[in-house]
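Listed below, chain by chain, are the residues.
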Amino acid sequence: MKKLVTAAVLTTLMSSGAYAENIGVSMAAFDDNFLTVLRNAMNDKGAELGVTLQAEDAQNEVGKQLNQIQNFVASGVDAIIVNPVDTDATIPMSKLAEDAGIPLVYVNREPVNLMKLPANQAYVGSQEIEAGNQQGQHACDLFKAMGKTEDVKVAILMGDLSHQAARLRTQGAEEIFAGDDCNFISVVDKQTGMWQRTLGMDMVANWLSAGQDIDGVLANNDEMAVGAAQALRTAGANFDELVVAGVDGTIDAKALIESGEIDHTVFQDAVGQGKGAVDAAVKLARGEAADQVVYIPFQLITSENLADFAETN
């Protein structure tokens, strides 16, 4: 009798969630430096919590990402984490998970349906407009320090326009330039570089070859900022008279801050976002309380505080 009772207790424990959860993860792309740090952080947190993560590369294709979510649902995963290819395409993703009763957590890129997420869905990321605000304000301060307070021209390298982050980071910088303290700065052009270093470099090279007068380049991410710096270096630009800025706080961008070719970047905590997403997914899978929206603050990185971010991203 005692053995039968023990077996029954073990069966009850196993059926009530006392097992290693399996979490499906769909990443927008594997070949992005920032998203690689994010994915590695999720793997580390998964190992710490004793859960299994099955990561898939959507290769920046919305259709492929939807198929991956459908496959996760069909295989019966305990939770799903999505780094959206297109933040305007998250409504059907949420519906797929909701209909299956599987918790879903968006990470890094804010879903368009953030305010209408089902109870068992969440978002972990950062408030993107703050990145643009910080980037724009520091650029304004630098121009003032250079003595440039009239007719300053900047160009903006935007990310994929289907991403809310690209739109909001750009809006954040433009808000600063519209204010009384910084309205001597005008945005003379803004084009998408699709988050990519090569495209960012090509776009800046095109501006320069077309004779566009530029005092600064603000990029929605560090990959494009690095590309911009490479194009300016090739053109023989004097970096002491320019402002180049990015967002993310990647290793490559920090190296160029140290060399003086990038002035500042806005640190986006990839590790914090990745670990936070797994933590939320596991809590939801276990029926525990979890914050539906978790914002992790951006932080400005300059040459003055670069050492404080030596181990980040």
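Residues numbered from 1 in each chain as written. Predicted model: local features only at pLDDT ≥ 70, side-chain atom pairs only at ≥ 80, totals over all residues. Heavy atoms only, no water.

**Student:** Explain the side chain of Asp160 here, please?
**Tutor:** For Asp160, the location among the structural elements is in the loop between strand S6 (152-158) and helix H6 (164-178). Of the side chains bearing the opposite charge, Arg109 lies closest to the buried Asp160, which forms no salt bridge; the N-O distance is 6.6 Å. A distance of 2.9 Å separates the side chain of Asp160 from the side chain of Ser162, its partner in a polar contact. When near neighbours in sequence (up to four residues on either side) are disregarded, Asp160 contacts Ala166, Thr192, Met194 and Trp195. (Helix = DSSP H or I, 4+ residues; strand = E, 2+ residues; numbered from the N terminus. Buried < 20%, exposed > 50% of the residue type's maximum accessible area, 1.4 Å probe, protein only. Lys, Arg positive; Asp, Glu negative; His and termini not counted. Salt bridge = Lys/Arg side-chain N within 4 Å of Asp/Glu carboxyl O. Polar contact = N/O pair within 3.5 Å; in protein donor to acceptor, adjacent residues only side chain to side chain. Contact = heavy atoms within 4.5 Å.)

**Student:** Help me understand the state of the cysteines, please; the structure alone is not making it clear to me.
**Tutor:** Think of a disulfide as a covalent bridge from one cysteine sulfur atom to another cysteine sulfur atom. A full pass over the atoms with the stated rule returns one disulfide. There is a disulfide in this structure between Cys140 and Cys182, and the S-S distance comes to 2.1 Å. On the sign convention where negative means left-handed, the S-S torsion of about -95° between Cys140 and Cys182 marks this disulfide as left-handed. A residue pair is termed long-range when its members are at least 10 positions apart, and Cys140 in helix H5 (residues 128-146) and Cys182 in the loop between H6 and strand S7 (185-192) qualify at 42 residues. Residue class for Cys140 comes out buried when judged on its relative accessible area of 0%. (Disulfide = S-S within 2.5 Å.)

**Student:** What should I look at first to understand the pattern of salt bridges in this one?
**Tutor:** When the charged atoms of two side chains lie near each other, side chains of opposite charge can form a pair. In the structure shown here, the tally under the stated rule is 12 salt bridges. Note that Glu223 and Arg197 form a salt bridge whose closest N and O atoms lie 2.9 Å from each other. One end of the pair, Glu223, is in helix H8 (residues 222-234); the other, Arg197, is in helix H7 (residues 197-209), with 26 residues separating them in the sequence. The class for Arg197 is partly exposed, based on a relative accessible area of 22%. What emerges from the salt-bridge pattern is a single network uniting Arg197, Glu223 and Asp252.

**Student:** Just to check I follow, could you spell out the packing of aromatic side chains for this structure?
**Tutor:** The relation between two aromatic rings is expressed through the spacing of the ring centres and the mutual angle of the planes. Scanning the entire structure with this criterion turns up two aromatic pairs. Between Tyr123 and Tyr295, the ring centres sit 6.2 Å apart and the planes meet at 75°, which makes this aromatic pair edge-to-face. Here Tyr295 lies in strand S11 (residues 293-295) and Tyr123 lies in strand S5 (residues 121-125), a separation of 172 residues in the sequence. With relative accessibility at 0%, the residue Tyr123 sits in the buried group. (Phe/Tyr/Trp six-rings, centres within 6.5 Å; stacked < 30°, edge-to-face > 60°.)

**Student:** Can you walk me through the confidence of the model for the protein chain in this structure?
**Tutor:** Detailed conclusions should not be drawn from predicted coordinates in areas where pLDDT is low. When pLDDT is averaged along the protein chain, the result is 93; 94% of the residues meet or exceed 70. Of the regions scoring below 50 in pLDDT, residues 1-18 engages in two contacts with residues more than four places distant in sequence or in other chains. (pLDDT = per-residue confidence, 0-100.)

**Student:** Would you mind showing me how to read the pairing of strand S1 (residues 22-27) here?
**Tutor:** Where a strand is regular, its side chains alternate between the two sheet faces. Judged by how many residues are buried, S1 sits mostly within the fold: five of six residues are covered. Pairing geometry for S1 and strand S2 (residues 52-57), over six bridges, is parallel. When the bridges of S2 are listed, Val25 appears paired with Ala55. As a crossover connection, the stretch from S1 through helix H2 (residues 33-49) into S2 is right-handed. (Pairing = 2+ DSSP bridges. Right-handed = clockwise from strand over helix to strand, strands pointing away.)

**Student:** I keep staring at the environment of Ala79 and nothing clicks. Help me out?
**Tutor:** Along the polypeptide, Ala79 turns up in strand S3 (residues 79-82). Looking at Ala79, the relative accessible area reads 0%, which means it is buried. Separated by 224 residues in the primary sequence, Ala79 and Ser303 place their C-alpha atoms 41 Å from one another. When residues no more than four places from it in sequence are discounted, the contact partners of Ala79 are Asn22, Ile23, Gly24, Ile102, Pro103, Ala281 and Ala285.

**Student:** Would you take a moment to explain H5 for this structure?
**Tutor:** Relative to the 27 Å expected for 19 residues at 1.5 Å per residue, H5 spans 28 Å between its end C-alpha atoms, a close match to the ideal helical length. For H5, every residue scored as buried is listed here: Glu128, Ala131, Gly132, Gln135, Gly136, His138, Ala139, Cys140 and Phe143. One or two steps after H5, the chain reaches Gly147, where phi turns positive at roughly 85°. (Expected span 1.5 Å × (residues − 1).)

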